[in-house]
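Letter by letter, the chains look like this.
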Amino acid sequence: MNMVKSFRVSDLQTLLASMGRSKSGLKQDLVGRALRLVQTEYSPELLKNVRQLYETRFPKSSGWLAARRPEGVQAVSYPTLNTSPRGTAQGTDYLNGMPKLSAPPAAEVKLVPLPFYHNLETLLPPTELIAQNSEKLQDSQCVFELTQNQVEQIRNSSELRPGVKSVQVVLRICYTDSIGVQEDQYPPNIAVKVNQSYCHVPGYYPSNKPGVEPRRPCRPINITPWLHLSTATNRVTITWGNFGKRYSVAVYLVRVFTSAELFNQLKHCSVESAERCRERIQDKLRFDPESEIATTGLRVSLICPLVKMRLGVPCRALTCAHLQCFDAVFFLQMNEKKPTWTCPVCDKPAPFELLTIDGLLSEILKETEDVEEIEYLTDGSWRPIRDDKEKERERENSHTPDYPVVDICVPEANGHSPAHSSTSQSGKSASGGPATGGAGASASSGAVVDLTLDDSSDEEGGGGAGDSEDTEDSQDSPAPKRGRYDYDKDLVTAY
C-alpha cells in the first residue's frame, strides 16, 4: 500500500495501463483506483509491476529487491541512441547534472498496436533517446537504410489521397517503460529533421473549454516524403526537450488503412448475432430475488449519441455493460481524424478489436423508419416507444367529433346564406318537442344567418314577443339561450 501511495502520476498511469485499467483522471483518482486494484486483484504479475515501479522511483532501495530476484534473471539494459563519443560516458552517469537512474530490469519497450497502421517491417526497434549534456534541448540521430523490396512496396502502393501513399515509413516516440504496452507520446519541443529537411509534426488541437490547455495528438509521424527511396542511407535527427522524462524512438514500415477499410473488416469479422443479443437482453432483465427493484424493460435510443442522427450501423464494445449503440461509420471516421477510441455512451475504452455490430438492433432499424426509441422486454422481444405528441396526433385523427355544419357558401338573393342546424333540419326544438307556431314558426321557416349580430342586437330586435310567449315554459326548466333565429349559436361551425 505504501509503495502505491508514493508513486507519481506517471507511475500510477503505467501501473493501471499494465493491468488493463483506465489511466485518466486526477492523482487522487489514480491512487484510489490503484489501491482498489491491489486489494481486489493481488496477483504475482501485479506485485512484480509494483516492485519494478518502486525500484525505478527509489533506486537506493533496489538492493534488497535485487537480492530477492530469482537466480538466472539478469537486468536487461536499453539500447541507447548517442551521437558524440565524448557524451557517451557523461550521458550514462549524469542527466542534467544529477546522477542518472539506472534502467530497471525489464524487457524491451513495446508500442501499442494501432488499428489504422499495420506493421509490415521494423526498420529501427524502440531505442532510447539519451541526453548528451545538461542542455534543455537535445539532438539525437538515428540511421537506417531501405532495401530494394521495401522501396518497391512504397512506390507501388496505392494513394490514400494525392501525394500520400498507403505504404509509409513512420516514426513513433513513446515513454521508455517496459511495463505493458506504451502509447505514442511526444517529448516537449519536438522537431524532426529527415535528411536535412524538417518534416511535419502534428500540431495542437484547439480547446473549446475555458482554462483547458490545447492537447497535441501523439500519433505516428510520416517521414516517407523526405526519404531517399533507394538503398542510400537515411538520417533522422530528433530535437527534443530534456526535462527528466525518458523517451524511446522507433521506425516502422506500415500499411495505412482508411476508416472505410476498417469498417469492412468490422462488418465481415465482428457481428453479434440477433440470438446472442436476445440472450444478453434476457440476462440483464432476469429477475433477481435479492434485488428490491424489478426491471421489466430497457429503453434504447435509435439516435446516435455522436452525431444526433438515426443509427445506420449500430455498434458498441464487448466490454460495455450497456445496450445503447453508436454508429460504427461515424465512430471510425472520428477516430481516424482524432484517435481517442472511447465509448461515447459510458466514456470507457472502446478499442477497435473489441467493437462489434449489434445484429438485433440492425434488424430493428430495418423494420422501423419513424421510431426514435424502443424498449427491450424480459423475453428478448421489443416494442416501439412513441412520444406524447405523436400519440396525441393519432388520437385526434382517430376520434374526430361530429358537429352540425352550417352551409354559408351559397348566398341567397338578399345577400345572406341559409342556416342549417339540427333544429331546422328536424323541425323540432332543442328540447325535443315540436316547433311552436306563430311568430316563432314563421321565423324558423325563413331562418337566415346574420353573422354581424351579437347578443345585444338579438335582445333589442324582437326578443319581447318571444319572451312573453315562453314565460310559462321557462318557469319549469330554463331554456337554452337562443338568438334571433331558431338554432343554437354554440353549434354553428364554419369550415
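Residues numbered from 1 in each chain as written. Predicted model: local features only at pLDDT ≥ 70, side-chain atom pairs only at ≥ 80, totals over all residues. Heavy atoms only, no water.

**Examining the overall build of the protein chain**
Inference 1: Each helix and strand counted, the protein chain has 16 helices and 24 strands in total.
Inference 2: Here the contacts in the protein chain between residues at least 6 apart in sequence split such that 70% fall between residues at least 24 apart. (Helix = DSSP H or I, 4+ residues; strand = E, 2+ residues; numbered from the N terminus. Contact = heavy atoms within 4.5 Å.)

**With respect to the sheet that holds strand 19 (residues 326-327)**
Inference 1: Spatially, the four strands line up as an open sheet ordered 16-20-18-19, and their pairing is mixed. The sheet is open, and its two edges are formed by strand 16 (271-272) and strand 19, each paired on a single side.
Inference 2: Here strand 18 (residues 314-317) runs beside strand 20 (residues 355-358); their pairing, made up of three bridges, is antiparallel. Each residue of the ladder has a partner; that of Arg316, found in strand 20, is Thr356. (Pairing = 2+ DSSP bridges.)

**Notes on the environment of Glu261**
Inference 1: Inspection of the secondary structure puts Glu261 in helix 8 (residues 259-269).
Inference 2: Once the C-alpha coordinates of Glu261 and Leu332 are considered, the two residues, 71 residues apart in sequence, prove to be 9.9 Å apart.
Inference 3: When neighbours within four sequence positions are excluded, Glu261 is seen to be in contact with Arg255 and Val256.

**Remarks on the packing of aromatic side chains**
Inference 1: This model, assessed by the stated rule, comprises five aromatic pairs.
Inference 2: With centroids separated by 6.3 Å and ring planes inclined at 65°, the aromatic side chains of Trp341 and Phe352 adopt a geometry described as edge-to-face. Separated by 11 residues along the polypeptide, Trp341 in the loop between helix 10 (328-337) and strand 20 and Phe352 in the loop between helix 10 and strand 20 bring together distant segments of the chain.
Inference 3: Judged by relative accessible area, Phe352 falls into the buried class, the value being 15%.
Inference 4: Taken together, the aromatic side chains of Phe116, Phe326, Phe331, Trp341 and Phe352 make up a single cluster linked through ring pairs. (Phe/Tyr/Trp six-rings, centres within 6.5 Å; stacked < 30°, edge-to-face > 60°. Buried < 20%, exposed > 50% of the residue type's maximum accessible area, 1.4 Å probe, protein only.)

**Some thoughts on the sheet that holds strand 11 (residues 191-194)**
Inference 1: On the basis of which strands lie adjacent, the open sheet formed by four strands has the order 6-14-11-12 and antiparallel pairing. Looking at the sheet topology across the chains shown, the edges are occupied by strand 6 (137-145) and strand 12 (197-198).
Inference 2: Sheet analysis places strand 6 next to strand 14 (residues 233-241), joined by nine bridges and oriented antiparallel. Each residue of the ladder has a partner; that of Gln141, found in strand 14, is Thr237.

**Things to note about helix 2 (residues 9-18)**
Inference 1: Restricting attention to buried positions, one finds in helix 2 the residues Asp11, Leu12, Thr14, Leu15, Leu16 and Ser18.
Inference 2: Gly20 lies just past helix 2 and shows a positive phi near 75°.

**Considerations on the pairing of strand 20**
Inference 1: For strand 16 and strand 20, the ladder comprises two bridges, and the chain directions are parallel. Opposite Val271, over in strand 20, you have Ile357 as the bridge partner.

**Details of the confidence of the model for the protein chain**
Inference 1: Averaged over every residue, the pLDDT of the protein chain is 74; the share at 70 or more is 64%.
Inference 2: Note that pLDDT drops below 50 for residues 419-446; the model gives that stretch 27 contacts with residues more than four away or on any other chain.
Inference 3: Across residues 456-474 the pLDDT falls below 50, and counting only partners more than four positions away or on other chains, this stretch makes five contacts in the model. (pLDDT = per-residue confidence, 0-100.)

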